[in-house]
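Coordinate inspection notes
Residues per chain, in single letters:
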Amino acid sequence: MSNRKLFRIAALLGITCLHISLLAWRSSLYPQSWQPGYTDSEGRFLHDFSYAGYHAGEKPIPHRTDHLKNVTTAPYEADNSGSSDATGAIQQAIADVESDGGGVVYLPAGTYRISPQDGKNYCLRITGSNVVLRGAGTDQTFMYTAETSFRKKAAILVSPEASASWRGNEQDKIAITEDLLSPVKVIPVSSVAGYSVGNWIVLRTNCTSDFIAEHGMTNKWNSSLGGICFYRYITGINAAQSTLSIDAPTRYYLKKRDNARIYKVNEHIREIGLEHFSLGMKEHSGSGWGDNDYNTNGKGAYDVHGSHAVKLAYVVNSWVKNVATYKPAANSKQVHTLSNCLQMLYCRFVTVDSCDFGYSQYEGGGGNGYMYIFQGEECLVKNSRAVHSRHNYDFKSMQTSGNVIYNCIAEDSRLATDFHMHLSPANLMDNMQVDRDYLEAKYRPYGTTLHGHPTTQSVFWNTNGIAYHGNKNYIVQSAQFGWGYVIGTQGAANNISTPGGNGSEPIDFVEGEGDGQTLEPQSLYLDQLQCRLAASAVKSKQLRPGHGLHIGHNSVGISTLTNLVGTGHAIKLYSFDGRHILTLPANGRYAHVAAAAALGLYVIQVDRARQFTRPLVLQ
């Protein structure tokens, strides 16, 4: 019986003391005992999505104050009235900060007119690491592009000088020696010579005819798609066993048949911050805005095709925070951007936080009018909004995996927030609020190289529907290749569609349609992150016979767990086979417990008024 029916029955019987915790439910794929690798009897499983964002969520976004350059003061003296062009002054400040090895380029309150530099495809560009471009706030600092000839250009481009492509310049290439069919962090290779801990590497296969046939895409996909690839760094090397350990698990299978291999690529730039400003683009006054007008010279769509407000390429461990688009006063229509807003191309560990993007002028074909574009790995968009675009949020291509959208708003789109093209595996939409938009993961019969199956193993978790889009009667439609997952919906619009077809069988997994309000945990991403960080904090603590286990501020490692859960809660220790080993009493900061079991791995559960967190592992 659904939770909604229980609520109705309780109301009819006059039961007013029914506590919501009695109605709470968990996904069968995410029990309290869940650990990465948990799989049900039908082979269904949820990836560990906790690695998304700046430094995999292990560090907060910093507030930098070093080497600050105020662009309105000498020697830059940028005009912040919007009367004259400030591009050169701001770019010089960026160059000076890069020469200093990093720092902050500060734009005080005002309006800064920027324009594409001569012969360049950008207005402003950051090419070095450790650079922060900061305004005084989205309601105080405004960047304004006054030109409308923006075809394939970006207002702000962040990318290194040298190409760092994940699909080229294969340095020190070595073969992967076993088929890797499930998520793993230890990679068997033909040799570890030339590799060191800390190296950034690509794990990759080719898009072979066999791979294409396995996905039912013969004569539809081709080798130009590049194949599955993952950008990782090495955390350990075992020369005796010829293995490399990597920082986060793989997200899809890598087979020897498809030339599975590892190699190094050129260094990405890092520790880049874009924060606390708004960006607006002058509307194009021309005509010609049809879906296919982007390839016809003389049309307005041609002039703005493929443009971006912000483009990040080959960037790691960076952030975009408190950035918005706005309508310039000169625009007669509600236009903020000419086409696309934020693209994250071959990026990893980027956090986008508290951003508000919307209102593209051109929402036509050819890849135009998207607000947040994922084309990398383990990036996190949270607490943000997208409104009135062709696609509010979008995932593209086989290198796109492990990304998370958390607690974001998708509003008033022309078409779906979607998985768009060429099998982007294992991404998460978590606690999305959908208002006249819809979330889609299904076969797409479009594109020069047919898009086909756009994803597999991706998860829609606890989606909140405010209102349906147009004539749609669902907020999530999922027909992924292999298994896809829709777990929990809520709100006035809460229907799910799982149509199947086009080789997407079996029908995707669905739980909790309309019952998301009582889903535990409410957020899959936050729960997985909390548990991974807590497990990491106690990782070095192993239990030995005859040794006491001290929990308190003076202990090493374990104290982090106590600080995490607070005092006054019993902590129970279990073996992996479920045997209760001991209980740490809820008696304050310092709890001493006698010797436990033999050296090994144990499971911790925290008792909070009869509600338990999922287990953590001591290792």
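The following refers to the structure shown. Every chain is numbered independently, its residues counted from 1 as its sequence is written. Note on the predicted model: pLDDT of at least 70 is required for a residue's local features to be given, and 80 or more for side-chain atom pairs to be given and counted; whole-chain, interface and lining totals, by contrast, use all residues. Water and hydrogen atoms were dropped before computing side-chain values, which therefore reflect all heavy atoms in the structure.

A short note on the overall build of the protein
Worth spelling out the cut-off: For the purposes of this entry, the term helix denotes a DSSP run of H or I that reaches at least four residues, the term strand denotes a run of E that reaches at least two, and both are numbered from the N terminus. Throughout, exposure labels follow a simple rule: accessible area from a 1.4 Å probe, protein chains only, divided by the maximum for the residue type, with under 20% read as buried, over 50% as exposed, and the rest as partly exposed. The contact definition used throughout considers only heavy atoms, calling two residues in contact when any of these lie within 4.5 Å. Throughout, the Shrake-Rupley method with a 1.4 Å probe supplies accessible areas, and for residues the shown protein chains are the sole cover considered.
Counting its secondary structure elements, the protein contains 6 helices and 42 strands. Scored against the burial criterion, the 619 residues of the protein give a buried share of 57%. Within the protein, contacts between residues separated by at least 24 positions form 75% of all contacts whose residues are at least 6 apart in sequence. As displayed, the protein has an accessible area near 23,900 Å², and 48% of this comes from carbon and sulfur atoms.

What to know about the sheet that holds strand S12 (residues 229-238)
Using the following cut-off: A pair of strands is labelled paired if DSSP reports no fewer than 2 bridges between them. Whenever a helix is involved, its axis is fitted only over the stretch in contact; in every case the axis is a line through C-alpha atoms, and angles between N-to-C directions fall within 0 to 180 degrees.
The strand order across the open sheet built from 6 strands is S9-S14-S11-S12-S13-S10, with neighbouring strands paired in antiparallel fashion. With one partner strand each, in any of the chains shown, strand S9 (171-175) and strand S10 (186-188) form the two edges of the open sheet. Neighbour to neighbour, the strand axes of the sheet diverge by 40° on average, direction disregarded. The sheet contact formed by S9 and strand S14 (residues 261-264) spans 3 bridges and is antiparallel. Across the sheet, residue glutamine 171 finds its bridge partner in S14, namely lysine 264.

Considerations on the nonpolar core
Formally: Only buried residues count toward a nonpolar core, which is a set of Ala, Val, Leu, Ile, Met, Phe, Trp, Tyr and Cys residues joined through side-chain atoms within 4.5 Å.
In this structure, Ile90, Met143, Leu274, Leu312, Met344 and Tyr372 are the most contacted members of the largest nonpolar core, which totals 71 residues. Ranked by residue count, the leading element in this core is strand S19 (residues 340-353), at 6 residues.

As for unusual backbone geometry
With omega at 5°, the peptide bond leading from alanine 74 into proline 75 counts as cis. You can see proline 75 is positioned in the loop between strand S1 (68-70) and strand S2 (81-85). Looking along the chain, the bond that leaves glutamate 505 and enters proline 506 is cis, with omega of 10°. By secondary structure assignment, the location of proline 506 is in the loop between strand S34 (496-497) and strand S35 (509-511). Despite not being glycine, alanine 56 has its phi angle at roughly 55°, a positive value.

Side note on the pairing of strand S24 (residues 391-396)
Of all 6 residues that make up S24, 6 are buried, and the element is covered over most of its length. Alignment of strand S21 (residues 370-377) against S24, held across 4 bridges, turns out to be parallel. The residue bridging isoleucine 373 from the neighbouring strand is aspartate 394, located in S24. Examined bridge by bridge, S24 and strand S27 (residues 417-421) share 3 bridges and lie parallel to one another. In the strand pairing of S27, lysine 396 is matched with methionine 421.

Observations regarding the side chain of serine 384
Put simply, the rule is: Pairs of N or O atoms are called polar contacts if they sit within 3.5 Å, as long as, within protein, a hydrogen donor faces a hydrogen acceptor (for residues adjacent in sequence, only side-chain-to-side-chain pairs).
Relative to the assigned elements, serine 384 resides in the loop between strand S22 (380-382) and strand S23 (385-387). Taking relative accessible area as the criterion, serine 384 reaches 3% and is therefore assigned buried. At a separation of 3.3 Å, a polar atom in the side chain of serine 384 contacts the main-chain amide nitrogen of serine 354. Non-local contacts of serine 384, meaning those with residues more than four positions away in its chain, are made with Val352, Asp353, Ser354, Cys355, Tyr372, Tyr393, Asn407, Cys408 and Ile409.

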